[in-house]
Amino acid sequence: MSLPLEGRSAIVTGAGRGLGRAEALELARLGAAVVVNDFGQPGRDGSGAASATPAEEVAAGIRAAGGRAVAHTGDVADHQQARELVELAVAEFGQLDILVNNAGILRDRMVFSMSEDEWDSVIRVHLKGHFNTIHFAAAHWRARSKAADAPVYGRIVNTSSEAFLAGSAGQPNYAAAKGGIVGLTTSTALALAKYGITANVICPRARTRMTADVFAGFQEPAGDGAEDRLDPLAPEHVAPLVGYLASPAAAQVNGQLLVVHGGMVAVVERPRVAAKFDTKQDAFTYDELDALLTPHYADRPAGETFAAAEVLGLKHE
């Protein structure tokens, strides 16, 4: 029996550690040839010297298991290096079929304390990094589709965060970048559908180098047989969904947002209009808006905003 991704090729960014590593290994297990991208800086804030070791070790592990993989150690937030990443996949494997964007950094700070550099660097790596790789992958798929005069196979899986959904107070840069990635994904999904491409976005929760302190109070399995039980926050809970979204089975899944962690996948519905008000004149006045909107919000729960903090309570039952 053939594997779901046999004959396909994939790029996974930020794949030297954590979620990206688990995703790259899962795609390889499902039969894909993988370009393992990681800039290799040791600090979760993007600090430290770049290193080829993380990407090369993951690629070597895939090859040792009988798969096909090559390392790329460039910075996806650099436009030219993102171009070279896509070109490497095409040169090594003949074409690109799957793009998984995962690379990211954290520089947390309250909005009143955040520096310009802390803002710019996180937006650059997350949001611009996603755009860069999508731009060159999309150009590759569009050219192939036009040459064939038919749709081609293409899958994009982007990485957002519950920080965007819940409105994480101490992460204005990260939440903004992750929200931007959702907008980028839905735009991309609509733009590329006619070429046969799907684009979806996940909000994963996992214990990684970036979230070590966030989940410090969440204990790993303990007691008899603990060594045989998977940590509920292990990245391996996320990787199978990425494998599915990258597969032919997910051909009808496009422009969707899914939360995934600990043996649970939640499909997040798009925003709905909760109320609509029409002026009885040519244009609204202050007094009319006061008469309509003030009562509407008067009985709403204190602290309720557009953020969907309830997603943080989702768990495997």
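Everything here concerns the structure above.
Our subject in this report is the structure included herewith. (Residues numbered from 1 in each chain as written. Predicted model: local features only at pLDDT ≥ 70, side-chain atom pairs only at ≥ 80, totals over all residues. Heavy atoms only, no water.)

A look at the overall build of the chain
In step 1: Scanning the chain for helices and strands turns up eight helices and eight strands.
In step 2: In summary, the chain has a C-alpha radius of gyration of 21 Å against a globular reference of 20 Å for 317 residues, a match within 12%.
In step 3: By its C-alpha atoms, the chain is 70 × 60 × 40 Å across when sized along the principal axes.
In step 4: Contacts spanning at least 24 positions in sequence make up 69% of the contacts within the chain whose residues lie at least 6 apart.
In step 5: Accessible surface, the chain: about 16000 Å² in total, of which carbon and sulfur atoms supply 55%.
In step 6: For the chain, the separation between the mean place of its 28 positive charges and that of its 37 negative charges on side chains is 6 Å. (Helix = DSSP H or I, 4+ residues; strand = E, 2+ residues; numbered from the N terminus. Rg over C-alpha atoms; globule rule 2.2 N^0.38 Å. Contact = heavy atoms within 4.5 Å. Areas by Shrake-Rupley, 256 points an atom, 1.4 Å probe, with all protein chains shown as cover. Lys, Arg positive; Asp, Glu negative; His and termini not counted. Charge placed at Lys NZ, Arg CZ, Asp CG, Glu CD.)

Description of the sheet that holds strand S8 (residues 264-268)
In step 1: The strand order across the open sheet formed by eight strands is S3-S2-S1-S4-S5-S6-S7-S8, and the pairing between neighbours is mixed. The outermost strands of the open sheet, each flanked by one partner alone, are strand S3 (69-72) and S8. Strand after strand, the sheet turns through a mean of 20° between neighbouring axes, direction not considered.
In step 2: Contacting strand S4 (98-100), strand S5 (154-159) and strand S6 (197-204), helix H4 (residues 116-148) crosses the sheet at an angle of about 175° to S5.
In step 3: Set on the sheet, helix H6 (residues 172-192) makes contact with S5, S6 and strand S7 (257-261); between it and S6 the angle comes to about 160°. (Pairing = 2+ DSSP bridges. Axes fitted to C-alpha atoms, helices over the stretch in contact; angles between N-to-C directions.)

A short note on the nonpolar core
In step 1: Core analysis: the largest hydrophobic core is formed by 32 residues, its most contacted members being Leu27, Val34 and Val36.
In step 2: If you list the elements that add at least two residues to this core, you get strand S1 (9-12), helix H1 (18-29), strand S2 (33-37), helix H2 (53-64), S4, helix H7 (239-245) and S7.
In step 3: Dropping the residues within four chain positions of it, Val34 is found in contact with Ala10, Val12, Ala24, Leu27, Ala28, Ile62, Arg68, Ala69, Val70 and Phe93.
In step 4: Counting residues in hydrophobic clusters, the runner-up holds 26 residues, among them Ala33, Val35, Val70 and Ile197. (Core = buried A, V, L, I, M, F, W, Y, C linked by side-chain atoms within 4.5 Å. Buried < 20%, exposed > 50% of the residue type's maximum accessible area, 1.4 Å probe, protein only.)

A few points about the packing of H4 against H6
In step 1: Between H4 and H6, the least distance of the axes is 8 Å, while the angle of their chain directions is 15°. The angle between H4 and H6 places the two elements in the roughly parallel class. Handedness of the crossing formed by H4 with H6: right-handed. Residue-level contacts link Glu118, Trp119, Val122, Ile123, His126, Leu127, His130, Phe131, Ile134 and Ala138 of H4 to Pro172, Asn173, Tyr174, Ala176, Ala177, Lys178, Gly180, Ile181, Leu184, Thr188 and Leu192 of H6.
In step 2: A per-class count over the contact of H4 with H6 returns 14 nonpolar, five polar and two charged. (Parallel < 35°, antiparallel > 145°, perpendicular 65-115°, else oblique. Left-handed = near helix turned anticlockwise from the far one by under 90°. Nonpolar A, V, L, I, M, F, W, Y, C, P; charged D, E, K, R; others polar.)

Brief notes about a nonpolar patch on the surface
In step 1: On the surface, Phe277, Phe284, Leu289, Leu293 and Tyr297 cluster together into a nonpolar patch covering about 420 Å² of accessible area.
In step 2: You can see Phe277 is positioned in the loop between S8 and helix H8 (286-298).
In step 3: Accessibility expressed as a relative area gives 30% for Phe277, which makes it partly exposed. (Patch = residues over 30% accessible without salt bridge, like charges linked within 9 Å, V, L, I, M, F, W, Y side chains within 5 Å. Salt bridge = Lys/Arg side-chain N within 4 Å of Asp/Glu carboxyl O.)

Observations regarding the packing of aromatic side chains
In step 1: Tallied over the entire structure, the rule returns zero aromatic pairs.
In step 2: The ring of Tyr153 is capped by Arg155, whose NZ or CZ atom sits 4.2 Å from the centre of that ring. (Phe/Tyr/Trp six-rings, centres within 6.5 Å; stacked < 30°, edge-to-face > 60°. Lys NZ or Arg CZ within 6 Å of the ring centre and 35° of its normal.)

Digging into the pairing of S8
In step 1: Bridge analysis of S7 against S8 gives five bridges, and the strand direction is antiparallel. Within S8, the residue paired with His261 across the bridge is Met264.
In step 2: Counting the residues in the hairpin turn of S7 and S8 gives two residues, including Gly262, whose phi is positive at 50°.

Remarks on the pattern of salt bridges
In step 1: Across all of its chains, the model carries nine salt bridges by this definition.
In step 2: Among the ionic pairs, Arg29 bridges to Glu26, the shortest N-O distance being 3.0 Å. You can see Arg29 and its partner Glu26 sitting in helix H1, three residues apart, about one turn around the helix.
In step 3: Overall, Glu26 belongs to the buried group, its relative accessible area being 13%.
In step 4: Of the charged contacts, one joins Asp117 and Arg107 as a salt bridge, the two residues approaching to 2.9 Å between their closest N and O atoms. With Asp117 in helix H4 and Arg107 in the loop between S4 and H4, the pair connects residues that are 10 residues apart, well separated along the chain.

Brief notes about the side chain of Lys178
In step 1: Structurally, the position occupied by Lys178 is in helix H6.
In step 2: Buried charge Lys178 goes without a salt bridge, the closest partner of opposite sign being Glu23 at 9.8 Å.
In step 3: At 3.2 Å, the side chain of Lys178 forms a polar contact with the side chain of His126.
In step 4: Ignoring sequence-local partners within four residues, the contact set of Lys178 consists of His126, Thr159, Ser160, Ser161 and Phe164. (Polar contact = N/O pair within 3.5 Å; in protein donor to acceptor, adjacent residues only side chain to side chain.)

Take it as geometry only, folks, not as evidence of what the structure does.
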